[in-house]
Amino acid sequence: MTPVYRPPRETDFARFPDSTPIVIDNGASTFRIGWAGEAEPRLAFRNIVQRPRHRSSAGETVTVVGDTDPALMKYFDCTRTSIRSPFDDDVVYQFEYMEYILDYGFDRLGATSEIDHPILMTECECNPSFSRARMSELLFETYGVPSVAFGIDDAFSYKYNQKLGNCGEDGLAISCEFGTCHVVPFLKGQPVLGACCRTNVGGSHITDFLRQLLSLKYPYHAASVSWDKAEELKKEHCYVAHDYMSELEIFKNNKEEAEEKTRYWQLPWVPPPKDEPPSEEELARKAAIKEKSGQRLRDMAAAKRSQKIEGLEKKLSELEDIMEQLDDSDEIEETAILSRTGYLSQQEIKSDILKVTQSLRKAKGESNGNEENADASGADKYPLVSVPDEMLTPEQLKEKKKQILLKTTTEGRIRAKQRRAEEAALREKQEEERRTENPELYFDELRARYLELSEKVDQRKRQKVNGNNNSSGAVGRGERLNAAQKERMRLLTTAAFDRGKGEDTFGMRDEDWLVYNKMSKENDDDNDGNDDDESELTRIASKIQEVDPTFVNKHEAAEPAADPHKVRPLTAEDFKISIGIERFRCPEVLFQPGMIGVDQAGMDEMVSISLRRLVEDESVKERLCQSILVTGGSSLFPGMIPRLEAGIRQFRPYLAPLKLVRASDPVLDAWRGAAAFAASHEFARQTFTLEDYREHGESLFHRYNIVYTL
């Protein structure tokens, strides 16, 4: 990036007499100031203003003019400020910012008090009178200058190149500036302002367009493509295509030539550290840390287990003490002890003793006993079943009915499970006999049974997803339910409808528990049938695989899982920005402003418009076209002169003479021409004073035009 230059303060301001004019080239991009008669301006800086807040002075606003040093800007908060320019399309509108810029310019030039020197300031073509009036008022009343003169920068550049012999007395000046482009005809050495042409597209629009294209092309590096960086890339790599469409075809079809014309910008990138295998010392250190952490966890688990064992032993001792008290007491004392301890019967206490004993053995790592103890534990889950009804309260009777129902259901399931196990063993024995007698027939039967069950399972899955056959094509919730599920839904709906109509007496009758059993999802026979079919299908598939290892169960063959997205490590290529088609696409906006939404004429068409506005005959126009000067910063693009010549020829007669030449220094010629004009004897007669301004007011500028002589 171009280094930031902060101009030093001049020390010879007092050496110049008061009659020496100060020359200011007030460009939209750069502010240049110096003394009349010198070859170079004393200082030049960007014509911008920033007002950030200082970080260490309680938010005090600081005014920064021109270029900024990033090393110094870290002391300022720039989040709530932006770069400001006093210009809008090359016309000064923001005179508050213009005053900051003039203060800085005069201070760097060495001025310490009022400016007692005449001022010559450049401006754009046909500058509005109000802008001239406000600028004059600022110079007269703020800085106390004795006299002021305004001149067109393109005219000074043309006259300076005329003095060098680059152009004639009659000709055209094509200016490609920062915010606009102008075409000015010259007759007898003076600009014909009535025939000039202007387009509000310039170098700043090229920079903005380049920044937008690169930000869209590389959205993850948009922050790196700052305006200043885009300006630097524009000056280094952009060029004007002689034929825009042909250049596009090269990048579309000819990869080798397109690669030669592509430029790359490498962003800062630090390669990630390489993963090296750990050393033996590192492995030993990690193993020691892991062993230490494991030992700490084992100690914590042992302490927790000891605490649990102590608590279980204490609870077991309390329960055994209660049982001893019950054994030594009569019926009345037994009821009082049970009421005090919160138990309903001795069976419940024995059940708790058994549970605590099993938990204690498990905590100590011992066996939980034989199958008889397990069966006893299962039986003691329902302690109220063996208690007579006369000894129970109404709430206990209700709980007893529930326990009887649950116990009956559980025992029925156990018997059904045993029966299925016996049937499976018998079926295995019979199948083994059939396989031994006729293996081929046995294998065909397995295949047929597998196809039958597979079709059955698939049909149930389809019905569950799509519902039963429905002529309307719609699938509702009820169409995907089987008979048991529909009955459960009906009972739930009825129970919800009856709720709130009076006292809730559900559970007082034995029939209520039958309803409860039907409402339970655990008694869904259809689901059991589904599970049985699927397990039978899996069993048959395993039998077939024993005979045919190539057989694949389609219900178990899962789709291959997609590989998870792997994060690729970033390389230097990911931080490389290519600038190919953007190199000539961005400067093309000077010839096709419609590419950025500006409905105005391009530079080549502006020449034709300016010539049509002239009232002179065709011979004068031919003489003008033989002396066309191209100036301005944007004229430095490679290929600008050939492209302009080709475009202007399209609007001129066949074989009409045409000559274009670039200014000797398109950037500084305007200031040099103004400095030479200010040093001439004619300059004093072209200025106006504060008295003239106060006498005529703004109407002075309606007829004010200087005569350009060098």
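Residues numbered from 1 in each chain as written. Predicted model: local features only at pLDDT ≥ 70, side-chain atom pairs only at ≥ 80, totals over all residues. Heavy atoms only, no water.

Chemist: Just to check I follow, could you spell out unusual backbone geometry for this structure?
Modeler: One non-glycine residue with positive phi stands out, namely Asp 89, at about 55°. Within the secondary structure, Asp 89 is located in the loop between β8 (87-88) and β9 (91-92). Positioned with a positive phi, Asp 90 is a non-glycine residue whose angle comes to about 65°. By the secondary structure assignment, Asp 90 is in the loop between β8 and β9. Overall, Asp 90 belongs to the buried group, its relative accessible area being 9%. (Helix = DSSP H or I, 4+ residues; strand = E, 2+ residues; numbered from the N terminus. Buried < 20%, exposed > 50% of the residue type's maximum accessible area, 1.4 Å probe, protein only.)

Chemist: Sorry if this is basic, but what is going on with the packing of helix α2 (residues 95-109) against helix α3 (residues 129-143) here?
Modeler: Direction vectors running N to C along α2 and α3 enclose 45°, while the axes themselves pass 11 Å from each other. The angle between α2 and α3 falls in the class oblique. In this structure, the crossing between α2 and α3 has a hand that is right-handed. For the pair formed by α2 and α3, the contact residues are Phe 95, Met 98, Glu 99, Leu 102, Asp 103 and Phe 106 on the first element and Ser 131, Arg 134, Met 135, Leu 138, Leu 139, Thr 142 and Tyr 143 on the second. By residue class, the composition of the contact of α2 with α3 is eight nonpolar, two polar and three charged. (Axes fitted to C-alpha atoms, helices over the stretch in contact; angles between N-to-C directions. Parallel < 35°, antiparallel > 145°, perpendicular 65-115°, else oblique. Left-handed = near helix turned anticlockwise from the far one by under 90°. Contact = heavy atoms within 4.5 Å. Nonpolar A, V, L, I, M, F, W, Y, C, P; charged D, E, K, R; others polar.)

Chemist: Even after reading the chapter, I still don't get the sheet that holds strand β2 (residues 30-35), so can you show me in this structure?
Modeler: Each strand in a sheet pairs with its neighbour through backbone hydrogen bonds, running either in the same direction (parallel) or in the opposite one (antiparallel). Strands sit in the order β3-β2-β1-β10-β11-β20 across an open sheet of six strands; the sheet is mixed. Two strands lie at the open edges of the sheet, namely β3 (43-46) and β20 (688-689), each paired on one side alone. Of the strand pairs in this sheet, β2 and β3 are connected by four bridges, and their pairing is antiparallel. Its bridge partner lying in β3, Thr 30 is registered against Arg 46. Packed onto the sheet, helix α4 (residues 153-164) meets β1 (22-26), β10 (119-123) and β11 (147-152) and runs at close to 75° relative to β11. (Pairing = 2+ DSSP bridges.)

Chemist: Just checking my understanding: could you explain a positive patch on the surface for this structure?
Modeler: On the surface, Arg 415, Lys 417, Arg 419 and Arg 420 cluster together to form a positively charged patch. Within the secondary structure, Arg 420 sits in helix α13 (residues 394-437). (Patch = residues over 30% accessible without salt bridge, like charges linked within 9 Å, V, L, I, M, F, W, Y side chains within 5 Å. Areas by Shrake-Rupley, 256 points an atom, 1.4 Å probe, with all protein chains shown as cover. Salt bridge = Lys/Arg side-chain N within 4 Å of Asp/Glu carboxyl O. Lys, Arg positive; Asp, Glu negative; His and termini not counted. Charge placed at Lys NZ, Arg CZ, Asp CG, Glu CD.)

Chemist: I'm lost on the pattern of salt bridges in this one. Help?
Modeler: Any two side chains of opposite charge can pair, given that their charged atoms come close. Under the criterion given, the structure shown has 32 salt bridges. Arg 298 is the salt-bridge partner of Glu 291, the closest N and O atoms lying 3.1 Å from each other. Arg 298 gets classed as partly exposed once you look at its relative accessible area, which sits at 44%. If you follow the salt bridges from partner to partner, you end up with Glu 10, Asp 12, Arg 15, Glu 38 and Arg 42 in one network.

Chemist: Where do I start with the side chain of Asp 669 in this structure?
Modeler: Secondary-structure assignment places Asp 669 in helix α22 (residues 669-678). On the basis of relative accessible area, Asp 669 is assigned to the buried category, the value being 0%. A polar atom in the side chain of Asp 669 sits 2.9 Å from the backbone nitrogen of Asp 665. If sequence neighbours within four positions are ignored, Asp 669 has contacts with Phe 156, Ser 157, Tyr 160, Asn 161, Ala 663 and Ser 664. (Polar contact = N/O pair within 3.5 Å; in protein donor to acceptor, adjacent residues only side chain to side chain.)

Chemist: Please explain the environment of Phe 178 as it appears in this structure.
Modeler: With respect to the helices and strands, the residue Phe 178 is situated in the loop between β12 (171-176) and β13 (181-187). Note: C-alpha distance between Phe 178 and Ser 634 (456 residues apart in sequence) is 7.4 Å. Look past the residues within four positions of Phe 178 in its chain and what remains in contact with it is Ala 28, Ser 29, Gly 202, Gly 203, Ser 204 and Trp 227.

Chemist: Looking at this structure, how should I read the pairing of β11?
Modeler: Regular strands show a simple pattern: their side chains alternate between the two faces of the sheet. Counting buried positions along β11 gives six out of six residues, so the element sits mostly inside the fold. Every second residue of β11 is oriented toward a common face, with Ser 147, Ala 149 and Gly 151 on one face and Val 148, Phe 150 and Ile 152 on the other, all of them buried. As paired strands, β10 and β11 are joined by five bridges and run parallel to one another. Pairing of Thr 122 across the sheet is with Gly 151, part of β11.

Chemist: Before we go on, may I ask you to explain a negative patch on the surface in this structure?
Modeler: A contiguous patch of negative charge on the surface is contributed by Glu 318, Glu 320, Asp 321, Glu 324, Asp 327 and Asp 328. Following the sequence through the fold, Asp 321 ends up in helix α9 (residues 280-327). Here Asp 321 falls in the partly exposed class, since its relative accessible area comes to 37%.

Chemist: Teacher, can you tell me more about α22 here?
Modeler: Because the α-helix completes a turn every 3.6 residues, residues three or four places apart line up on one side. Of all 10 residues in α22, nine are buried, a share of seventy percent or more. Residues Asp 669, Ala 670, Trp 671, Arg 672, Gly 673, Ala 674, Ala 675, Phe 677 and Ala 678 constitute the buried set of α22.

Chemist: Looking at this structure, I do not really get the confidence of the model for the protein chain. What am I missing?
Modeler: In low-pLDDT regions, the fine details of the predicted coordinates are not to be read closely. Here the protein chain shows a mean pLDDT of 83. Residues at 70 or above account for 85%. For residues 370-378, every residue scores under 50 in pLDDT, and the model assigns this stretch seven contacts once sequence neighbours within four places are set aside. Across residues 470-479, confidence stays below pLDDT 50; counting only partners more than four residues off in sequence or on other chains, it has nine contacts. (pLDDT = per-residue confidence, 0-100.)

Chemist: When you look at the packing of helix α5 (residues 203-217) against helix α6 (residues 227-237) in this model, what are you seeing that I'm missing?
Modeler: Axes are the key here: two packed helices are described by the angle between their axes and the distance separating the axes. Where α5 meets α6, the closest approach of the two axes is 9 Å, and the angle between their N-to-C directions is 105°. It follows from the interaxial angle that α5 and α6 lie roughly perpendicular. For the pair formed by α5 and α6, the contact residues are Gly 203, Ser 204, Ile 206, Thr 207, Asp 208, Leu 210, Arg 211 and Leu 214 on the first element and Trp 227, Ala 230, Glu 231, Leu 233 and Lys 234 on the second. Split by residue class, the contact of α5 with α6 holds six nonpolar, three polar and four charged.

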